[in-house]
Amino acid sequence: MQLMRRLARAAVLAVAVGTLGQGTAGAQELRFFQLGTGPTGETRFPVGGLIANAISNPPGSRECEKGGSCGVPGLVAVAKSTNGSIANVEAIGQKRLDAALVHADIAYWAYHGTGIYKGKGAVSNLRGIAMLYPETLHLVVRKDARIASVKDLKGKRVSFGDKDSSSAIHGRLLLEAFRLNEKQIKQSFLKPGPSADALADGKLDAFLMLDAFPVPVIADLARKTEIAVVPLDGGEIEKMLQQYPFLLRSEITAGTYQGVPEAVKTLGVGVALVTGAEQDEKLIYGVTRALWHPSTQKLFTQNSPSGAQIHLDAEAIEKMGIQVHGGASAFYFDAGLVR
């Protein structure tokens with residue numbers, strides 16, 4: 001309740017945002033805001049749609065206090081399907097997107113010019129708005145493939161996803177941690193849907209997917225094919241957690257997927273909402289205010305299991321690992337969450 005009161009006070013301070021895009025008195029200029037999400041079969045796409053709906057407030061909308069839109073006046077946000085985090089970072093860097101959902105590790109590497117961005121140069125205009133919810137690594141295998149550990153992938157037919165996807169990068173990190181290399185597996189580069197189809201048809205032994213559970217693609221696969229989800233646990237995983245601070249401990253709840261009756265320990269990665277440094281501070285203040293408005297929290301909780309995990313807290317802001325946009329930072333300061 002105390003946090004909600006703080007946010008309410010911050011909302012009052014945001015009245016100035018209501019003048020965004022206004023020309024003559026009483027008129028609002030329509031502004032479009034492109035939000036990059038992820039592939040249509042993954043959680044980031046529908047969550048991005050919810051966010052776009054929450055931050056939009058087209059001219060003529062009913063007032064927030066009267067049950068209408070609580071978004072940024074004059075703003076129409078559009079959620080776009082993309083190839084994922086790396087494509088989103090590139091689009092932000094080239095100013096082709098106004099904001100995007102990006103895995104925290106990709107954002108961290110891009111901003112600092114390290115990891116997969118070492119040698120490519122940092123994406124200097126990348127800025128954070130919020131840390132949203134965690135996604136979980138699923139190493140899905142055929143039950144008869146005799147794969148109980150990452151080590152058992154040696155010689156197997158495996159897909160880590162598209163070549164430049166987040167799951168492909170995490171797949172390489174897993175291989176490295178377990179002292180394997182890509183030449184020791186028979187690798188395909190398939191999206192989650194085709195990966196599941198190939199596994200069901202006996203053409204693939206395992207695939208890796210990063211998404212919030214329950215993943216519809218995996219749930220559907222489990223209903224027609226006997227599968228297992230390989231635990232990501234043990235000494236190698238502990239070393240990964242120490243080496244990569246953006247990785248999280250995660251656990252897939254028992255019974256989430258048919259034929260997987262026990263809980264599965266694995267790894268998770270946070271999903272961040274990012275934008276470009278060049279975006280107007282009043283606009284991003286308004287976007288951040290709308291994102292954390294109580295009506296938005298209700299929208300998330302009622303429409304998405306992942307959305308129900310989106311909560312505002314100071315620790316999550318501090319753990320973003322990249323510079324927060326000035327407009328978002330101002331909102332968090334006004335809400336009493338940062339100094």
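Please read all numbers here as calculations on a predicted model, not as lab measurements. (Residues numbered from 1 in each chain as written. Predicted model: local features only at pLDDT ≥ 70, side-chain atom pairs only at ≥ 80, totals over all residues. Heavy atoms only, no water.)

Observations concerning the pairing of strand β4 (residues 126-142)
Link 1 in the chain: Taken across its 17 residues, β4 has 16 buried, putting it largely inside the fold.
Link 2 in the chain: Of the pairings in the sheet, the one linking β4 to strand β10 (residues 264-276) comprises nine bridges and is antiparallel in character. Across the sheet, L126 pairs through a bridge with G276, a residue of β10.
Link 3 in the chain: With six bridges joining them, β4 and strand β7 (residues 206-211) adopt antiparallel strand pairing. The residue bridging L139 from the neighbouring strand is L208, located in β7.
Link 4 in the chain: Pairing of β4 with strand β8 (residues 227-229) involves three bridges; the strand directions are antiparallel. Bridged to V140 within β8 is V229. (Buried < 20%, exposed > 50% of the residue type's maximum accessible area, 1.4 Å probe, protein only. Helix = DSSP H or I, 4+ residues; strand = E, 2+ residues; numbered from the N terminus. Pairing = 2+ DSSP bridges.)

Let's talk about the layout of surface pockets
Link 1 in the chain: Quantified by volume, the second largest pocket comes out at close to 470 Å³.
Link 2 in the chain: When residues of the lining of the second largest pocket are traced back to their parent elements, those giving at least two are α4 (104-112), β4, β9 (247-252) and α11 (314-318).
Link 3 in the chain: Counting residues per element, the lining of the second largest pocket draws most heavily on β4, which supplies four residues.
Link 4 in the chain: Residues of the lining of the second largest pocket, tallied by class, amount to 12 nonpolar, four polar and three charged. (1 Å grid on protein atoms, 1.4 Å probe; cavity = no way out; pocket = protein on both sides within 12 Å on 5 of 7 lines; lining within 4 Å. Points joined across faces, edges and corners; volume = space filled by probe spheres on them. Nonpolar A, V, L, I, M, F, W, Y, C, P; charged D, E, K, R; others polar.)

A few points about the packing of α4 against helix α5 (residues 166-177)
Link 1 in the chain: Viewed as axis vectors pointing N to C, α4 and α5 meet at an angle of 85°, and their least axial separation amounts to 10 Å. As far as their axial angle goes, α5 and α4 are roughly perpendicular. Contacts from D105, I106 and W109 of α4 reach α5 at S166, I169, H170 and L173.
Link 2 in the chain: Partitioning the contact of α4 with α5 into residue classes produces four nonpolar, two polar and one charged. (Axes fitted to C-alpha atoms, helices over the stretch in contact; angles between N-to-C directions. Parallel < 35°, antiparallel > 145°, perpendicular 65-115°, else oblique. Contact = heavy atoms within 4.5 Å.)

Regarding the packing of α5 against helix α8 (residues 235-243)
Link 1 in the chain: Packing of α5 against α8 brings their axes to within 9 Å, and their N-to-C directions diverge by 120°. Taken as axis vectors, α5 and α8 run oblique relative to one another. As for the relative orientation of α5 and α8, their crossing is right-handed in sense. Between α5 and α8, the residues in contact are L173, L174 and A177 and E236, I237 and M240, respectively.
Link 2 in the chain: In the contact of α5 with α8, the residues fall into five nonpolar, no polar and one charged. (Left-handed = near helix turned anticlockwise from the far one by under 90°.)

Remarks on the packing of aromatic side chains
Link 1 in the chain: One pass over the full model with this rule turns up six aromatic pairs.
Link 2 in the chain: Over the aromatic face of Y117 sits the side chain of K120, whose NZ or CZ is 5.5 Å from the ring centroid.
Link 3 in the chain: Geometry around F189 places K163 over its ring, the cationic atom sitting 5.1 Å from the centre. (Phe/Tyr/Trp six-rings, centres within 6.5 Å; stacked < 30°, edge-to-face > 60°. Lys NZ or Arg CZ within 6 Å of the ring centre and 35° of its normal.)

Considering the environment of A99
Link 1 in the chain: Following the sequence through the fold, A99 ends up in strand β3 (residues 99-103).
Link 2 in the chain: The spatial distance from the C-alpha of A99 to the C-alpha of R127 is 9.4 Å, given a sequence separation of 28 residues.
Link 3 in the chain: Every residue in contact with A99, bar those within four places of it in the chain, is listed here: F33, Q34, L35, G36, I92, L273, V274 and T275.

Quick word on the pattern of salt bridges
Link 1 in the chain: Tallied over the full model, the rule gives 10 salt bridges.
Link 2 in the chain: Between D144 and R142 there is a salt bridge, with the nearest N and O atoms lying 3.2 Å from each other.
Link 3 in the chain: Since its relative accessible area comes to 54%, D144 is described here as exposed.
Link 4 in the chain: Note that D220 is salt-bridged to R223, the shortest N-O span being 3.9 Å. Taken together, the residues span about one helical turn, with D220 and R223 both in helix α7 (residues 216-224) at a distance of three residues.
Link 5 in the chain: Note on D220: relative accessible area 37%, which makes it partly exposed.
Link 6 in the chain: By relative accessible area, which is 54% here, R223 ends up exposed. (Salt bridge = Lys/Arg side-chain N within 4 Å of Asp/Glu carboxyl O.)

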